[in-house]
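Read off the chains here:
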Amino acid sequence: MPVRAVLPRLTEVLAANRGVVLHAPPGAGKTTLVPLALQRASWLAGQSILVLEPRRLAARAAAGRMAQLLGEEVGETVGYRIRFDQRVSRRTRIEVHTEGILTRRLQGDPALTGVGLVVFDEFHERSLDADLALALCLDIAQGLRDDLRLLVMSATLEVDRVAGLLRRVGLGGEVVAAKGRSFPVEVLYLPRDPEGDPALYVAAAVRRALVEHTGDVLAFLPGAGEIRRAQEMLGQAPECALDTDVVLHALYGDLSQEAQDQALLPDRKGRRKVVLTTPIAETSLTIEGITTVVDAGLARVPRFDPGSGLTRLETIRISQSSAAQRAGRAGRLGPGVCRRLWSEATQQSLATRTSPEVLSADLAGFVLDLALWGVEATALEWLDPPPAGPLAQARALLQTLDALDSVGRITTVGRSLAELPLHPRLAHLLRAAQELGTAGLAADIAAILSGRDLLRSDPSRKSERSCDLSIRLEALTAFRRGGRAAALSQGADPFACSQAEATARQLRSLVKASPPQGPVVPIEVGRVLALAYPDRVAGRRAGETERYLLSGGRGVRLSLGDPMGRYPLLVAAHLDAGRGEGVIHLAAPIELADVREVLAHHIQSQDRLEWDEPTGAVLARREERLGELLLETRPLARPDPEAVRAAVLEGIRTSKKAQSSGQSAGYVLDVLPWTPELREWQARVLSLRTWKPEEGWPDVSDLALMESLPEWLEPFLDGITRRDHFARVDLAAALSGHLSWEQTRHLEAQAPTHLTVPSGSRLRLSYTPGGEAPILAVKLQELFGLGDTPRVAGGKVVVTLHLLSPARRPIQVTQDLRGFWERTYPEVKKELKGRYPKHPWPDDPWTATPTARAKPRGDRR
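A brief report on the enclosed structure follows.

Quick word on the pairing of strand β17 (residues 537-540)
Bridging between β17 and strand β20 (residues 569-576) involves three bridges; their strand directions are antiparallel. Within β20, the residue paired with Ala 538 across the bridge is Leu 570. Across three bridges, β17 lies against strand β18 (residues 547-550) in antiparallel orientation. By the bridge assignment for β18, Ala 538 is matched with Leu 550.

This is the structure:
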């Protein structure tokens, strides 16, 4: 193996540096040979080595290969620890862990007692657990352990960044590079990107590769569903069917260890082998005999949306680094071929490297681990710091689950959840169910939610598959009692049931529970499920059968025709965030009484008073809510008067009558009982505000009145609850409160409502709010003998006279009455005397008697 050449150098560098990066291409042998060589290093001083692998399959395979090289069984010098499985002994000096297992070990033993070296293998995959494990190890190395060494290994790693991080924390950061032993690989592209189901075009490409090339074939697909469909096509479809001398294997994480081992080893009968795999086979694993790679160029990854709190599975294009890793699989044993099922143009557009999981993942478990460690994320060193949005979302969820207190410190409940190898939601479900006496059912639920769907995939009937979790529980119960045949009778996958039962058994042992007895009761399932998903209790929208609102505020829906739509309340466990509404994939019904019981401390009751525009009235009701979900509402018998008045004020602000008046809805108060006299009062006050700013007249414009509505109107709204009550409001009294006693007294003197003219008539003045001169409309004959135009505002403002004919038609508009008599009146007299002979038109208006009447009968002068 090429890495052998650098082992002495690596041992030497690790003696002088506590943090080292090993850059070695695929196939160099770093995973197995490096730990075996370093166990003899003097600086290790008899301590053990931990090797971290990103996947359980890789961890088991790496431990098995190292044990084989030593001529031993796994569990002697070399062992492994993965979720719910371990093979170690007192003799074990090299332990292969999955990355999450190391985090749990660190929480129980922060000093990593007895461990001298931690090896991060395939670190370029940048899993969330790997980033967290490295950050915690760096924290230990800086504080608790001045002898702990860290070795970061990868084939396609950004070496400078990782070395820089190690240097930044004072661990050295030396880089050791090893040459690879990769044979040339011919890369073939398609003229254009294919469309449709990847299973179909991968199956066709595999069949073509078997015809055109020799050796075994490794085909990459995005997920287990596509693998199963490709298996069916290669086994049945005439255009894809395999020859009898070819054996077909699947390889993905949920398969049994036996099935995985068969995929990794040469066929015992010497047949050619086709391995259909997910990205699990990109690195770490060596699959003997592979000379041809068929690559769909796709991966299915979770994307967490902090806005909705949901995770969406997305099928995305892989990065150029992943494509290189996959192609390299064809060149491990000799020259090979990689058939990339995309175009060269698409290859150039691929991202250079795979995005770190920490930037797009649900961080709930991550934040719980940090809280248990006793730090905020900002206190640790990261290659890529976790983003603020998902961190905040995770903290909020953990507070909802009572795992963190109000300031983010871990609680007793949180410490209990951290002991379980589950997402915090499912850990909370299991712990809370213990208190309810339903831990056995909770273990089954957690096992099903942790794995893949138990129901067998049938694309032709996909629309008929219900999201009902109870159906899956019934299948698991049937498998537990009757094995494979019973599972098949329920339409379930026996292997998936076997995996779920194994997980449930482990969980039951952790909480000392027995398997549930009796039939599955859907409502009871929902009751238990709500313990993990208080933010995903879903209430059916009014008038809908498939659309729901989550208590967390997100809109979700069932698949078309799902019979779960008959339930008004559901608890949604598995959700896809979707583009608009989320899609429910697994759920259980729940009754309102159970919501109130198991989520009592999440439910809030509040009195709600608001203006209802359609009815034009205040609605007063007591609402019971779980987050954004309204559970129940009932009329409020004795609403708070202050709250009623506030709701009425809101009704005035938003009144549709105001909105239809042609003016801005925010500034119109037409719904109140205005009279012409009150509008005139408003105009008089506003006029004086303009004319005499030094006197401090208040702003009583509609805009100002609207902005200060509570201050002046609320005291006059007692007993007002409907729009038709507005007529009762004493608006005159409410408005008058804007004026001081002295201003009220001066208002009539400075802006009188009427003027008495020479004829003795008392005529109304017309004011406008803009501060223009008031208007006095008066018949010309009533002003005989008057020379000076009337004034208001203490003589500051000249009144505008609208001089009228006897028929009250306008003759002249003027503010210069003397000028009118002297210059304009003779012409007016000439024109109108003949038209109105019954009215006086004296030659000398200065000496004529002012009158509002016609001349006495018989007087035609």
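Side note on the packing of aromatic side chains
Tallied over the entire structure, the rule returns nine aromatic pairs. Each ring, one from Trp 611 and one from Phe 726, has its centre 5.7 Å from the other, and the planes form 20°; the classification is stacked. Placement of Trp 611 in strand β22 (residues 603-612) and of Phe 726 in the loop between α25 (709-713) and α26 (731-736) is noted, with a sequence separation of 115 residues between them. With respect to class, Trp 611 is no different from Phe 726; both count as buried. When the ring of Phe 784 is compared with that of Tyr 825, the centres are 6.5 Å apart and the planes differ by 80°; the resulting orientation is edge-to-face. Taken together, the residues Phe 784 in the loop between β27 (775-779) and β28 (791-792) and Tyr 825 in helix α28 (residues 817-832) connect sequence positions 41 residues apart. Taken individually, Phe 784 and Tyr 825 each receive the classification buried, so the pair is uniform in this respect. Through a chain of ring-to-ring contacts, the aromatic side chains of Phe 784, Phe 820, Trp 821 and Tyr 825 assemble into a single cluster. One Lys or Arg, Arg 679, reaches over the ring of Trp 674 and ends 3.7 Å from the middle of that ring.

Digging into unusual backbone geometry
The phi dihedral of Ala 793 is positive, around 55°, even though this residue is not glycine. The backbone phi angle of Arg 808 is positive, close to 65°, even though this residue is not glycine. Inspection of the secondary structure assignment puts Arg 808 in the loop between β30 (800-804) and β31 (810-814).

Comments concerning the packing of helix α3 (residues 56-70) against helix α9 (residues 257-264)
Axis angle and axis distance: for two packed helices, these are the angle between their axes and the distance between the axes, and together they describe the pair. Two numbers describe how α3 lies on α9: the axes approach to 11 Å, and their chain directions differ by 65°. As summarised for this structure, α3 and α9 are arranged roughly perpendicular, according to the angle between their axes. Remark: the crossing between α3 and α9 carries right-handed chirality. Of the residues in α9, those touching α3 at Leu 57, Arg 60 and Ala 61 are Gln 257, Gln 260 and Leu 264. The residue inventory of the contact of α3 with α9, partitioned by class, reads three nonpolar, two polar and one charged.

Re the side chain of Glu 624
Turning to its location among the elements, Glu 624 is positioned in strand β23 (residues 617-626). If we ignore the near neighbours within four places in the chain, the residues touching Glu 624 are Arg 596, Ile 603, Gln 604, Ser 605, Leu 629, Leu 630, Leu 631 and Glu 632.

Definitions and cut-offs
- Residues numbered from 1 in each chain as written.
- Predicted model: local features only at pLDDT ≥ 70, side-chain atom pairs only at ≥ 80, totals over all residues.
- Heavy atoms only, no water.
- Pairing = 2+ DSSP bridges.
- Helix = DSSP H or I, 4+ residues; strand = E, 2+ residues; numbered from the N terminus.
- Phe/Tyr/Trp six-rings, centres within 6.5 Å; stacked < 30°, edge-to-face > 60°.
- Buried < 20%, exposed > 50% of the residue type's maximum accessible area, 1.4 Å probe, protein only.
- Lys NZ or Arg CZ within 6 Å of the ring centre and 35° of its normal.
- Axes fitted to C-alpha atoms, helices over the stretch in contact; angles between N-to-C directions.
- Parallel < 35°, antiparallel > 145°, perpendicular 65-115°, else oblique.
- Left-handed = near helix turned anticlockwise from the far one by under 90°.
- Contact = heavy atoms within 4.5 Å.
- Nonpolar A, V, L, I, M, F, W, Y, C, P; charged D, E, K, R; others polar.

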